Amino acid sequence: MVKDQEFLKKKSAYCLDLAKKLGATDSSVVVKNSVSETVNFRNKKLDESNRSDDLGISITTYIGKKKSSISSSNLLNENLNVLIEKCIETTKNTPEDEFNSLPDRDLLAQEVKDLDLYDDTQIENDQKINYLKKLEDAASNDKKIVNTESSFTQNKSNFILANTDGFCNGYKTSSFTASSVTVAKDEKSMERDYEYSSKCFLKDLDDANELGKLAANQTIRKLSPKKIGSEKIAIIFDKRIAKGILSTFASAISSSAISRGTSFLKDKVNQKVFSDKINIFDKPDMLKGLGSRNFDSEGVKTDTLKLVDQGILKHYLIDTYNGKKLNLKSNGRCGGTSNLYFENGNISFKDLLNSNSKSLYITETIGHGSNIVTGDYSVGATGFLVENGEFKFPINEITIAGNFKDMFQNIILANDLEFKYATNSPTMLIEGMVVAGK
Amino acid sequence: MSNFFEKSDLSRSEAENIISETLQKCDDGELYLENSKSESILLDDNKIKNSSYNSDLGFGFRAISDEVVAYSHSNEISKNSLKQSSENLKSTLKSVKGTYNYEIAKSNKKYYENINPIEQKSLNEKIKILNDVNNYLRSKSDKVKQVTANFLGEQKSVEIIRSGGETLSDVRPLIRFNVSVMLEKKGRKETGVYGVGGRQSYDTYLKDDNWKSVCDEALRIASVNLESKPAPAGEMKVVLGPGWPAILIHEAVGHGLEGDFNRKKTSAFHNLMGQKVASEGVTIIDDGTIDNRRGSLTIDDEGTPTEKTVLIENGILKNFMQDRLNARLMKTRSTGSGRRENYRHIVLPRMRNTMMLSGNHTQEEMIKSVDKGIFAVSFGGGQVDITSGKFVFNCTEAYEIVNGKIGSPIKGATLIGDGPSILKEVSMVGNDMMMDPGIGTCGKAGQGVPVGVAQPSILINKMTVGGTKL
């Protein structure tokens, strides 16, 4: 069982008291416990079971404007004594930074709403095994599927965040995750693809049969891919790739990238960064949301932000330190975004496929080809050639490239948004990108 | 060396009894104990932004029966906690009828010293160097708009207790020093990154103001990129420089030669053992035994001494990299390649220092032979889809080659190729093999481990360059 609030609170109070005794003028502490149980299947047989019980503590101490931090998985007081002493010693020897401080008191979260993030249900390994059997039966139905690997994880976590300004809060969260990776083979090729479902509540998890079928179909359709020539072409990003482009946008508006001057979106607030029709929200208080939270990792309250309004950038993602540097107030985004999404566009998925006589539909990208300093983008890609709205044949060993500054201005979104991850996008079309192939 | 039982209500002999009792009739398994201490000191934006210290302690208990692995880990080294883990393992492996394999290779060789790099240099000295780096770079050019520099140091003590009480242990130091610099000229910004590291003290890498040469290299890369023009798009000849560009080898063939993917037949290489997979003259090894290298290990995380494993010899596929589980199921022996990020993770067969050995061509010859292509000198990261065999890596410093001569620098672009066929496209192997500077981390199944790479300059006949210029 995951440790209760009382245990975590006791540990955090112990650390704050000790830090103060040893000379800290301020301090903050996070104590976390996370218990997960995973069962893996391969080719319809049990392959692995894994139970993990993780405890962790991290403490930041301040002496005036000097700051240092320590973390440990060993929560015995004896160990904490040694570490906190070391932390204070290091703090004393670290140069001052005028922007170091705890968050402003008036910004700390006052109330903690129940966002429905914890499901007490305990799913035993035998039940996980039943789910995976069903899933793998569905996934391996077609003879072309030569390998299946599936996994079911239950995770329960609890945490307390406390600081010397009196903030002390935390709550339990849970997640249930099922995934399936399948390999398909024909005379010419071998391909892999996957499907996945993750929810706060067990009863919301996708049906095992459906998940298995999807994983298999998505893999089989990739068989016998072709390589195409290099050209300028419209690219349609599957939702699972489109969300990555939204994540890159989020890293480019983080207050740390902005204050350091290392983002192509620096000084772009109130300017048009996307096309008129684009609206982007970050909404922390969605019930059962995979990115939902009551406060950020410093305890600052988090309100819903409309980050982009009709194409215009309205906010950066601001934490206390970088906020002070930029002369802005924290908007509760220390640790990044919560439930981040593009609002739906106004055309259907089908119309999006039909909007060009020829386009590429991308289902997977590989490589770390997003540069937020310059906005340059270049990644390896796998997908399908689409002609007159129809999927013609699978494609691989190509790259797609462009620059986010232009790409953002050319985004057209379908109206098929779902909340499957913490960051979500409808299917996305971008014209004018370059494909490198043969 | 850590004494894991010193402050515990669990004695060593009690632990040994629980291990032996849990693993009887299992085919393999062990208790893995780990105590790691690490530090990170970061200078950024003219200030010491972060000084942090982490101490991590825990165990992972593993039982294997046939193909099934049961694993349980915890931070609490106590009687209750180990018994709870034992129960978890037994409940997964309900009816086991294997025979425990007591055999494990032994060696007295050590590839690094038992030191704690964190304690060998005071915080004030480290902070001074970081400030010196910042001042040095900013004084070199008024185009320097941002400097980030950091120290990462670690000492990891591990102990492996097998059924019957056999115990193997290792203490692993590791450091890394990195510098990143951003330049701005007429509104255009570009960065350059460079670093050094390995399993020795900070001073070994930084003595005699050697940190200046790290700064100079980062600055040089950033300056080159400031003048770069859009990269071409399409298939062309590619000359790779020596050293770090060997992440091509790591991605293109390294991952595909790991035992697990081949046992499961999900690697594009699984049916190619003994066959020609590379041009003649191409030899690739994975070596855990080079003194003090980032990817070196005295023993792997199952207790097997590491070795120099020949993967491809003169173009022919010779060996896969194996941990104990995959070796047993494939009826071969462990190559000492069983690794894990830490006690929270299961063991997987992983690379150590992956190297292509020298041939007899010169880099000059290679460039002269190319009419139209690119010369790639420095890289960011890479990735591979081991099933389709397609892999990518991202250039961070590259030039066009026009009529046998190096031309203008080109912008960072992704290069994509096909693992099983790319090595057959290698038409010249250079005589200038070089190790990387000691900065690589390889990710697999969510686990990062330190690795090294090395190669000479090579000429590849055909690769797709993912630029924007058609």
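Residues numbered from 1 in each chain as written. Chains lettered and ligands numbered in written order. Predicted model: local features only at pLDDT ≥ 70, side-chain atom pairs only at ≥ 80, totals over all residues.

Draft legend 1. Region of the structure containing the overall build of chain A. Secondary structure summary: chain A contains nine helices and 18 strands in total. Here chain A has a C-alpha radius of gyration of 24 Å; the compact-globule value for 438 residues is 22 Å, and the two agree. Each principal axis of the C-alpha atoms in chain A carries an extent, and together these give about 70 × 55 × 35 Å. Taking contacts inside chain A between residues at least 6 apart in sequence as the whole, the part at least 24 apart equals 73%. (Helix = DSSP H or I, 4+ residues; strand = E, 2+ residues; numbered from the N terminus. Rg over C-alpha atoms; globule rule 2.2 N^0.38 Å. Contact = placed C-beta atoms within 7 Å.)

Draft legend 2. Examining the sheet that holds strand 11 (residues 312-313) of chain A more closely. Residues and elements named next belong to chain A. Strand order across the open sheet formed by five strands is 11-10-9-12-17, with mixed pairing between neighbours. This sheet does not close on itself; its edge strands, each paired only once, are strand 11 and strand 17 (423-424). Sheet topology places strand 12 (residues 340-342) next to strand 17; two bridges connect them, and they run parallel. Counterpart to L340 in the pairing with strand 17 is T423. (Pairing = 2+ DSSP bridges.)

Draft legend 3. Region of interest: unusual backbone geometry. All names here are of chain B. The backbone of K186 shows a phi angle near 50 degrees, a positive value even though the residue is not glycine. Tracing the backbone shows K186 in the loop between strand 5 (167-185) and strand 6 (188-198). C-beta crowding within 10 Å serves as the criterion here: with 6 such atoms nearby, K186 is assigned to the exposed category. Phi is positive for N314, which is not a glycine, with a value near 50 degrees. Tracing the backbone shows N314 in the loop between strand 9 (308-313) and strand 10 (316-317). Its 14 C-beta neighbours within 10 Å are what place N314 among the partly exposed residues. (Buried ≥ 20, exposed ≤ 12 C-beta atoms within 10 Å, placed from the backbone.)

Draft legend 4. Representation of helix 6 (residues 247-254) of chain B in the model. Among the eight residues of helix 6 of chain B, eight are classified as buried, and the element is accordingly described as predominantly covered. What helix 6 of chain B keeps buried is the set I247, L248, I249, H250, E251, A252, V253 and G254 of chain B.

Draft legend 5. Region of interest: the interface of chain A and chain B. Each partner contributes residues to the interface: chain A has 59 residues there, and chain B has 64 residues. The set of elements that each furnish at least two residues to the side of chain A that touches chain B consists of strand 2 (45-63), strand 3 (66-72), helix 2 (77-93), strand 7 (190-199), strand 8 (231-237), strand 14 (376-387), strand 15 (390-403) and strand 18 (428-436) of chain A.

Draft legend 6. Main features of the domain arrangement of chain A. With domains assigned, chain A is organised as domain 1 (5-220) and domain 2 (231-244 + 344-436). For domain 1 of chain A versus domain 2 of chain A, the separation of C-alpha centres amounts to 31 Å. (Domains from an automatic or database assignment.)

Draft legend 7. Summary view of the domain arrangement of chain B. All names here are of chain B. For chain B, the assigned domains read domain 1 (123-226) and domain 2 (233-466). Centre-to-centre separation of domain 1 and domain 2, based on C-alpha positions: 24 Å. Listed by partner, the interface residues are 15 residues for domain 1 and 17 residues for domain 2. Of all the secondary structure elements, the ones that give two or more residues to the side of domain 1 that touches domain 2 are strand 4 (144-162), strand 5, strand 6 and helix 5 (210-226). Looking at the side of domain 1 that touches domain 2 residue by residue, the class counts come to seven nonpolar, five polar and three charged. (Nonpolar A, V, L, I, M, F, W, Y, C, P; charged D, E, K, R; others polar.)

Draft legend 8. A look at the nonpolar core. Grouped together as the largest cluster of nonpolar side chains are 170 residues, with contacts concentrated most on I236 of chain A together with I374 of chain B. Ignoring any residue separated from it by four or fewer positions in sequence, one finds I236 of chain A in contact with L352, L353, S359, L360, Y361, I362, V386, T427 and L429 of chain A. Of all hydrophobic cores here, the second largest spans 30 residues; its members include V133, F177, Y205 and W211 of chain B. (Core = buried A, V, L, I, M, F, W, Y, C linked by C-beta atoms within 7 Å.)

Draft legend 9. Summary view of the packing of helix 3 (residues 125-139) of chain A against helix 4 (residues 208-220) of chain A. Residues and elements named next belong to chain A. Contact geometry of helix 3 with helix 4 gives a least axis separation of 7 Å together with a crossing angle of 35 degrees. Note that helix 3 runs across helix 4; the crossing there is right-handed. In this structure, helix 3 contributes Y131, K134, L135, E136, D137, A138 and A139 to the contact, and helix 4 contributes A208, N209, L211, G212, K213, A215 and A216. The class makeup of the residues in the contact of helix 3 with helix 4 is eight nonpolar, two polar and four charged. (Axes fitted to C-alpha atoms, helices over the stretch in contact; angles between N-to-C directions. Left-handed = near helix turned anticlockwise from the far one by under 90°.)

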